[in-house]
Structure formats: C-alpha cells, structure tokens
Amino acid sequence: MATYGIDLGTTYSCVAYIDDTGRPAVAKNMVGEDTTPSVVYFETPDNVVVGRDAKNSAKLEPDLVVSLIKRQMGQDIELSFHGTTHTPESISALILSELARAATEFTGEPVREVVITVPAYFGVAEREATRNAGRIAGLDVLNVVPEPVAAALHYEVVTPAGERTILVYDLGGGTFDTTVIKVAGNEINVVCTDGDHHLGGVDWDERIVRHLLDSFLAEHPDSEVADNEDFLQELTIAAEEMKKALSSTTSRRHNMRFGGDTARVELTRERFEQITGELLERTLDITERTVATARDKGVASFDDVLLVGGATRMPAVAARIAERFGFETKLHDPDLAVAKGAARFALIESVKLHLPGEEASQSGQATAGKQATAASPAAVQRVADQLGITTEAVRELAKKKVRTVVPRAFGIKVVDSADPDLRRQKVAHILPPNTALPASPDTERFGTVEDNQTEIEIEIWEQAGATVSEELADNAAIGRGLINGMPPLPRNSPIDVTFTMNETGVLRVHAVELKSGKDLHIELQIQGLTEEQVEKARNAVARYTLSE
Ligand code: AMP
C-alpha cells in the first residue's frame, strides 16, 4: 500500500509517492506532466474537466471554469454550476479526485492515505477546509503539512545530516510564505513563519497582462479590447507563458489581434523586472520581517536559504535576495519539492498510524520514538510489508518529529482602559504568533468593565492582517461564550483567561471570574462544514465523471 503526498497548489498541483527504491517520485498526470493546473471546468451537469484542458477552456467558458480556489479556502462562500451548489472545499475535492485518479493510473496502486500540503500561513479554518476537501474526495487525510516543512523534509533527504537552520522562501502561483526551520537529527522544528496568501506568480502574470493591454491600447486607443473577456483570458495564458520564458531568455515577443487591429509587443526581462519589481520587494519585506522574528527567537544565521515554488525560477528572485540580504540561495526541484516532501511525511504518518500502540497522529507530533522501539519486531515487519519499505526504514521514520508553530495571534476583545469613555474596544492578544505547538501561554488577568456587572462575554479573535494589531478591523471574531449568573461585582473584578492550543490548532479557552469562581470553557469549533455537509458534498462530487 502506497501513501501519497499531495501538493494542492493555488495554480498547479502535484502528487508524489515513495517508490520501490525508497526515493520520492512524482506520479505523472494523465497527459504525462508532473504538475496539473488546479483548474476545474464544469463542462456539463455530469462531467468535470480538471487540469490543462480546463485551463484552456477558461477563455471559451469563463463562467464554468474555476481557478485559484485555494485563495477562497476556509471562507463561507458558495458557487453554482449547472444548478449544483459548490463550496471551495467541494471544488478542491474535484481537483484532488482527479489527481488521485491519475496517480492511481500511474502507479497502479489506489490512492487512499494521503497528506495534503498547506501554506504555512494558513490559519485554522483554511487547514480544516483542506482536510475536508480531502474527505469529500473520499481520501483518508492522514494529516496536512505546511509546505515549507514538506520542502525541508525533501531537502533533508538530499543534504548531509547534522543540525541546520533553513530559511524557506516559497513563492508559488498564488501564495507567498517565508519560514525558518531547524532540522536536528530526527526533529524538524518550525521557528517562525510569515507570508501573504494573496501574492504569487499570478500577480506577476497580471502585470504582464496590464502591460500587453496598455501597449495594444497605445496603438489602438479606440479599441474596446479591455472589455472583451475572451481576449483577456487569452492574454492571461500568454502572459504566464511569457513570464516563464523570461526566466531563461532575455526577451519575448507577443502578437495580438482584436477586431482587425494588431499589435506586436516585445517584453524584455529588464522591463518585466521593472513592472513587477514592487511585487518582489513585497516578498522581501516579508522575508525581512521573518528574519527579524527569527533573530528574536535566537536564530542569528542560516545554513541554507531554500527557494521553493515555481515562481522562484525567475532570476530576479535569487538576485534580489542576494543583494538585499547577502544570502546565497539554493533552487532544488522548486515545483516538485513540496509534493516529494509531503510523500515522505505521508510515509512517516502512515508508519505512526499503523504501528501498534500508536495513536493516529494528527500532527506529526511524534510520540512515536519510544513506541517504535517498544513495538515488537513482528509489528515492525508487518508495517514494513504493508508499506513496502524496510524494517529499518520503519524504525527510522517512526522517530521523526515535526513541530510547527501557530501562524497567527489569538486573543480576546476587551475595552481599552486607556479610553476615558471606556468605549474603544480592542483585541488583547494572549497567544502570540510563532509560538511552538502545543502551546500554553501564561494566563492573563483582565477586569470587569462596570460596577454591578453580572455577566461577562468572552469573545475570541484571530489575527487577520499580516502583522499583530490590537485594532478590531485587523482581527476576526472566531468564537464567543458567556459567564453569567454572578452576583453584582464591583468594577475591575479580576477575570483570568487561559488559552491553550494543541498540535492540530484546536484552541481551548478557559475564563474564570475569581470572586465567584464561575468559569467558562470554550473549545473553538471552526466554522467549517459539518459532518453532514461533508457527506452530502462527497455524494455530489462522486456523481461527476472526471477527465483531464
Ligand atoms: P507552484 O504553485 O509552486 O507550482 O508555482 C506555480 C507558479 O510558478 C505559477 O505562477 C507559474 O507560472 C510559476 N512558474 C513555473 N515555472 C516558472 C518559470 N520557469 N519561471 C517563472 N515562473 C514560473
């Protein structure tokens, strides 16, 4: 039984597995390519096309084609095609189903147990939505793993052992992350992470589209080309091709024709770098922030700076990182590293799941070390046979530990005591970003706002912006609870609030009013799909015939 790692990308996805020789290998898709566009075309009420043909259909049937759905993961939105309602989870599930179908075809082994990658910066809701997408696709999602961790796992295979600190700069099709990771022996620890999940290769494409359009309009000012969907779709595809080409050549031409008007545009790499320079600088600003956070956490230097994600093939990326930070970067399998590392992580998770006495690890938080050594040789042999790997590999994999961090801050809404009118409300953060999971920050003390208060509302908020801010507008409310039935209390009566978060990001909040001893426990339910909705979506998705 093989286990698979799936890199469910914003623009492209990739599936990998561990081959007979123990090395990660990519399962090519039905058209023989390593990566598949994460694009879905609802061709008919019963048939869905995923991948390159879907991407090419965007210009003919833009209303029936969905791209970049990963940017919507974790949001409560609905889309309708041929009268059937879909969510970001069910659309992602269609991509996953097709990837699984193609991988089964390629390896001859059914795809069931999988690990799916997520950007390190994904919050709790997005991770949960990703798990649900896998379940809707009928897959057994062993875990989700942050993309830079997967990249580091792959990288660990190809570098000599020893303790190393790695900075991962991951510029994919639609998201950007920077993450600092420490690899030491069997432990992989995320030190800190930051990112922008609305910044990726597609933004570079958009700048080229704008440039092409402006050039066309400069020659034909009266043209209505800018309102023509088909033409814009064509330009989007051409723009991506030009961008990729400009990674290896220094100039590229594009011919445009619309309603009898023509224009020929030449784009040099230099000009391309000018019109997209601001985007690259934004990634470098985030990188700088990450480096500063790492420094605060005691990381002063990096052994390696890894470039991950197809868009890091743009020569300007390595060049500007070198100029601004003096880092020499490594580019190794940027489009495939994440899937290959995820395949390795899937095997680790699978070993932990199948070894007796082992709890199904949802986190990669291995308690497996001691249990693996405690596992009987017969059990180890059985798992080795089951997974098609050596007993030695089973023991080694069972020792691996991966520790991640909470990517965002969490806190509660409070009244700002500095405001004389006691009107201004703000978020008091209790769990800072980049705390290692499981996390149990110190209990914080707050006070009641008014005299004779008999109830206290505890509202939990999650950081929504790029950096920690106490402004409500920069945070999102994610849950609430009420402590009530208290005797009238004097103003400023103490309330202690304790946050804990487990390895999978489940947040538990305990609030206690100290005078009465009344308390409140909240376990945060992520506002994702219910079990029933997952089941319903699974049936809806299973009804389609899929093709590539
Ligand atoms: P990923 O999600 O890691 O597969 O990254 C996909 C992004 O990388 C897309 O925006 C691609 O257009 C971009 N990409 C792939 N190959 C290249 C290349 N040779 N030069 C520039 N960008 C590329």
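What counts, and at which threshold
- Residues numbered from 1 in each chain as written.
- Predicted model: local features only at pLDDT ≥ 70, side-chain atom pairs only at ≥ 80, totals over all residues.
- Heavy atoms only, no water.
- Pairing = 2+ DSSP bridges.
- Helix = DSSP H or I, 4+ residues; strand = E, 2+ residues; numbered from the N terminus.
- Contact = heavy atoms within 4.5 Å.
- Axes fitted to C-alpha atoms, helices over the stretch in contact; angles between N-to-C directions.
- Salt bridge = Lys/Arg side-chain N within 4 Å of Asp/Glu carboxyl O.
- Buried < 20%, exposed > 50% of the residue type's maximum accessible area, 1.4 Å probe, protein only.
- Near = heavy atom within 4 Å.
- Polar contact = N/O pair within 3.5 Å; in protein donor to acceptor, adjacent residues only side chain to side chain.
- Areas by Shrake-Rupley, 256 points an atom, 1.4 Å probe, with all protein chains shown as cover.
- Nonpolar A, V, L, I, M, F, W, Y, C, P; charged D, E, K, R; others polar.
- Expected span 1.5 Å × (residues − 1).
- Phe/Tyr/Trp six-rings, centres within 6.5 Å; stacked < 30°, edge-to-face > 60°.
- Lys NZ or Arg CZ within 6 Å of the ring centre and 35° of its normal.

Q: I'd like a description of the sheet that holds strand S28 (residues 545-547), backed by residues and values.
A: Taken together, the four strands give an open sheet; going across it, the order is S7-S5-S6-S28, and neighbouring strands pair in mixed fashion. The open sheet has two edge strands with one neighbour each: strand S7 (65-66) and S28. Relative to strand S6 (residues 47-50), strand S5 (residues 40-42) runs antiparallel, the two sharing three bridges. Paired with Val40 across the bridge in S6 is Val50. Taken strand by strand, helix H2 (residues 88-107) contacts S5, S6, S7 and S28, and its axis lies near 65° from that of S28.

Q: Give a description of the pattern of salt bridges that names residues and reports values.
A: If you walk through the whole model with that rule in mind, you get 41 salt bridges. With a closest N to O distance of 2.9 Å, Arg508 and Glu523 form a salt bridge. Here Glu523 lies in strand S27 (residues 519-523) and Arg508 lies in strand S26 (residues 507-513), a separation of 15 residues in the sequence. Residue classification places Arg508 among the partly exposed positions, given a relative accessible area of 38%.

Q: An account of the site of the ligand is requested, with residue identities and associated values reported.
A: In the vicinity of the ligand lie 14 residues, with Glu240, Lys243, Ser247, Gly310 and Ala311 positioned nearest. Gly173 is positioned with one of its backbone polar atoms (N or O) 3.3 Å from an oxygen atom of the ligand. Within the backbone of Gly310, a nitrogen or oxygen atom sits 3.0 Å from an oxygen atom of the ligand. Taking 510 Å² as the accessible area of the ligand by itself, protein coverage stands at 90%. Take the shell around the ligand: its biggest share by element is three residues, from helix H6 (residues 229-245). Counted by class, the shell around the ligand contains three nonpolar, seven polar and four charged residues.

Q: Talk me through H2; I want residue IDs and the actual numbers.
A: With 20 residues, H2 should reach 28 Å at 1.5 Å per residue; the first-to-last C-alpha distance of 28 Å fits that figure. A positive backbone phi angle near 80° is found at Gly108, which sits one or two residues after H2.

Q: So what's going on with the packing of aromatic side chains? Which residues, and what values?
A: Evaluated as defined, the whole model comprises eight aromatic pairs. Centroid distance Phe325 to Phe327: 5.4 Å. Interplanar angle 10°. Geometry classified as stacked. Grouping residues by exposure puts Phe325 and Phe327 together as buried. Here the aromatic residues Phe42, Phe81 and Tyr544 are joined through ring pairs into a cluster of three or more. A cation sits over an aromatic face here: Arg408 above Tyr121, 5.3 Å from the ring centre. Over the ring of Tyr544 we find Arg543, and its NZ or CZ is 5.3 Å from the ring centre.

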